[in-house]
Amino acid sequence: MHPSSLTTTPAFQALASHYPEAREWHMRTLFSQDVDRFDRFSVEAAGLLLDYSKNRLNATTVQLLLQLAHERGVEERRDAMFAGEKINVTEHRAVLHTALRMPRNSILMVDGQNVIQEVHAVLDHIQAFTDRVRSGAWTGHTGKPITDIVNIGIGGSDLGPEMVCRALRSFIHPRLTMHFVANVDGHDLDAVLAKLNPETTLFIVASKTFTTRETMLNAQSAREWFLARAGEAALPKHFVAVSTNTKAVRDFGIDPENMFPFWDWVGGRYSVWSAIGLPVALAIGFDAFAEFLGGGHAMDQHFRTAPLERNMPVLLAMTGIWYRNFFGSTSLSIAPYHQDLSQFPAYLQQLEMESNGKCVTIDGVAVDYSTCPVVWGDVGTNGQHAYFQLLHQGTTMVPVDFIAALKPAHDLPGHHTVLLANCFAQSEAFMRGKTADEVRAEMRAQQIDEAEIDVLIPHRTFPGNHPSNTILMDTLAPATLGALIALYEHKVFVQGVVWSVNSFDQWGVELGKVLAKTIETELIGNAHPKAHDSSTNALIARAREALGR
Ligand code: F6P
């Protein structure tokens, strides 16, 4: 087992002694002293290149970080996860999203069952169904092919499929329009329903538990909308479910024949590879979905077998540990320089923050160190014109992950060159900064007056030394996207092991759910509730007034 505190491990202590020296280095100097820095600090795997050379580290730092990973048992925990051990100890579950992307001929026994056989049986069902919908053989109740697919789900039952469908937009069947409804705010569903023809719409009700309040209410409302226009007999052609809960699916009125199951060993935020990926398979076709799974599997193989010093998820994770636990950085910004990855930061927010946003160790002991940073971001170049100012000249160090594809999926001349130039320029600017001498020389060349130069120098100087990683792929395609998602899944896993938290539960979301249930009845009940604090009581009273209670 791990020592209960990260901070007492030998490698952590060695890093703590190394940190005061490392904090003083400027990356400009590190690059000028070592012409091979990129070669030394970059790695390629599964169609991705990770350049981590623009980080505040040297070979000793990396060696100590990897020693820390090793001391915390990363290899041992990784092997336990892949072997199907019940590493999600608070829910007594195995963690096997990796099994969802394993080839058909593999064998992985869990509780006496070869789960790979079950996985491929569901994949076969998905293939048969998606082929029919895409070819037009599956029709709506009036005989017309499906044109609109509405996924109703939230959290992991929404973010993954929505992000992937957006990312692979250029692969979507031309007849199909994908819609995603997650929010219980009726404005979400209302706006989507307004665009739909019930004759040609397929609803997917996606919920691991099939009890999530938001999803169930949205699904009920969609069902009522549909029944009012098409009648009960038409329902089986237009409603399918993805869930682990067959009984609840049946109770909802969906034939289990039209249900695509998955298993409790698939966490919600790791479920896009399972039947939760049904909208993806419908949108891009089963063959492309299989390529997506293949990309994830290629990254799994790399993570499983590459030595720590060439292991991409481990290196990505450990640079994050360096900033979070030694430099004290509080957030991580994700900057995809690809419009089709616009949902990727939101996807990673759930993946990273729901997994590692924990304050007790897996043994239930309060941590005395920081865990997951706040993850946020937006596409480049948009972010440059909004919040990058703070990243360049603010008072907080925010490490950035840049993500880009070398080739675009469009043929508009010029755009991609400008995009990539900006991406590379930003990471260079973060690293180099701009000295007072450089500012002075530049302004003198523009013949600006010396007094004005003295006034402006502090404002136009950039400290630089801001760390970033850059992840490049050839094109954003099913396989590279699969590898990218799996890269971050394993990064999160490694960080969870180092922090000794359970990355696979999410008890923290329960309290609000329970309180919301009570308040929901109080908002519409007869008696005015007084049991809350004065703030909550007053807010409920305002809402009751507005609702005419
Ligand atoms: O409340 C959090 C959560 O449980 C997530 O972990 C999950 O992805 C989401 O809700 C949706 O859950 P379900 O798929 O069971 O509806």
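Numbers given for residues are sequential positions, taken from 1 along each chain in its written order. In keeping with the predicted nature of the model, local features appear solely for residues at pLDDT of at least 70, side-chain atom pairs appear and are counted solely at 80 or more, and the whole-chain, interface and lining totals rest on all residues. Hydrogens are left out, water is left out, and the side-chain values use all remaining heavy atoms of the structure.

Student: I'm lost on the pattern of salt bridges in this one. Help?
Tutor: Close approach of charged atoms allows side chains with opposite charge to pair. The salt bridge definition used is simple: a Lys or Arg side-chain nitrogen within 4 Å of an Asp or Glu carboxyl oxygen. In the structure shown here, the tally under the stated rule is 27 salt bridges. Close ionic contact of Arg23 with Glu24 constitutes a salt bridge, the shortest N to O distance being 3.5 Å. Burial classes follow relative accessibility: with a 1.4 Å probe on protein chains only, a residue under 20% of its type's maximum area counts as buried, one over 50% as exposed, and anything between as partly exposed. For Arg23, a relative accessible area of 38% corresponds to the partly exposed category. Between Arg166 and Glu162 there is a salt bridge; the shortest N-O distance is 3.4 Å. With a gap of 4 residues between them, Arg166 and Glu162 both fall in helix α7 (residues 159-167), about one helical turn apart. Owing to a relative accessible area of 15%, Glu162 belongs among the buried residues under this scheme. When salt bridges with common partners are traced through the structure, they connect Arg440, Arg444, Glu450 and Asp454 into a single cluster. Counting from the N terminus, the helices are DSSP H or I runs at least four residues long and the strands are E runs at least two residues long.

Student: What's the story with the site of the ligand in this structure? I'm lost.
Tutor: If even one non-hydrogen atom of a residue comes within 4 Å of a molecule or strand, that residue is called near it. In the vicinity of the ligand there are 14 residues, among which Gly156, Ser157, Ser207, Thr209 and Thr212 approach most closely. At a separation of 2.6 Å, an oxygen atom of the ligand approaches a polar side-chain atom of Ser207. We call two N or O atoms a polar contact when they sit within 3.5 Å, provided that within protein one can donate a hydrogen and the other can accept it, with sequence-adjacent residues counted only if both atoms are side-chain atoms. Note that an oxygen atom of the ligand is positioned 2.8 Å from one of the side-chain N or O atoms of Glu354. Here the accessible surface of atoms and residues is derived via Shrake-Rupley with a 1.4 Å probe, and residues count as covered only by protein chains that are part of the display. Here the ligand has 400 Å² of accessible area as a free molecule, and 89% of this is covered by the chains. Each residue gets one label: Ala, Val, Leu, Ile, Met, Phe, Trp, Tyr, Cys and Pro are nonpolar, Asp, Glu, Lys and Arg are charged, and the others, such as Gly, are polar. A class-by-class count of the residues in the shell around the ligand yields 2 nonpolar, 9 polar and 3 charged.

Student: I tried to follow the UniProt feature "active site" (unreviewed entry) in the protein on my own but got confused; where do I start?
Tutor: UniProt positions are given in the numbering used here, feature names are shortened, and annotations may be inferred rather than shown by experiment. In the numbering adopted here, UniProt assigns the feature "active site" (unreviewed entry) to Glu354, His385 and Lys513. Over a stretch of 160 residues, the named residues are scattered through the fold, their C-alpha atoms separated by up to 37.1 Å. Of note, His385 is situated in the loop between β11 (374-377) and α15 (388-393). Look at His385 and you get exposed, because its relative accessible area is 70%. Since its relative accessible area comes to 47%, Lys513 is described here as partly exposed.

Student: Explain the sheet that holds strand β7 (residues 201-206) to me, please; I cannot follow it from the model alone.
Tutor: Pairing between the strands of a sheet comes from backbone hydrogen bonds, and it takes one of two forms, parallel or antiparallel. With parallel pairing, the 5 strands of this open sheet are ordered in space as β6-β5-β7-β8-β9. A single partner strand is all that each edge strand has here, and the edge strands are β6 (177-181) and β9 (259-261). Adjacent strand axes in the sheet meet at a mean angle of 20 degrees, parallel and antiparallel pairs treated alike. Of the strands in this sheet, β7, β8 (239-243) and β9 touch helix α6 (residues 115-135), which is tilted by about 150 degrees from β9. Strands β5 (148-152), β6 and β7 of the sheet are contacted by helix α8 (residues 186-193), whose axis makes an angle of about 160 degrees with β6. Two strands pair if DSSP finds at least two bridges between them. Orientation is described by axes fitted as lines to C-alpha atoms, over the contacting stretch for helices, and by angles from 0 to 180 degrees between their N-to-C directions. Note on contacts: a residue pair is in contact if any heavy atoms of the two residues lie within 4.5 Å.

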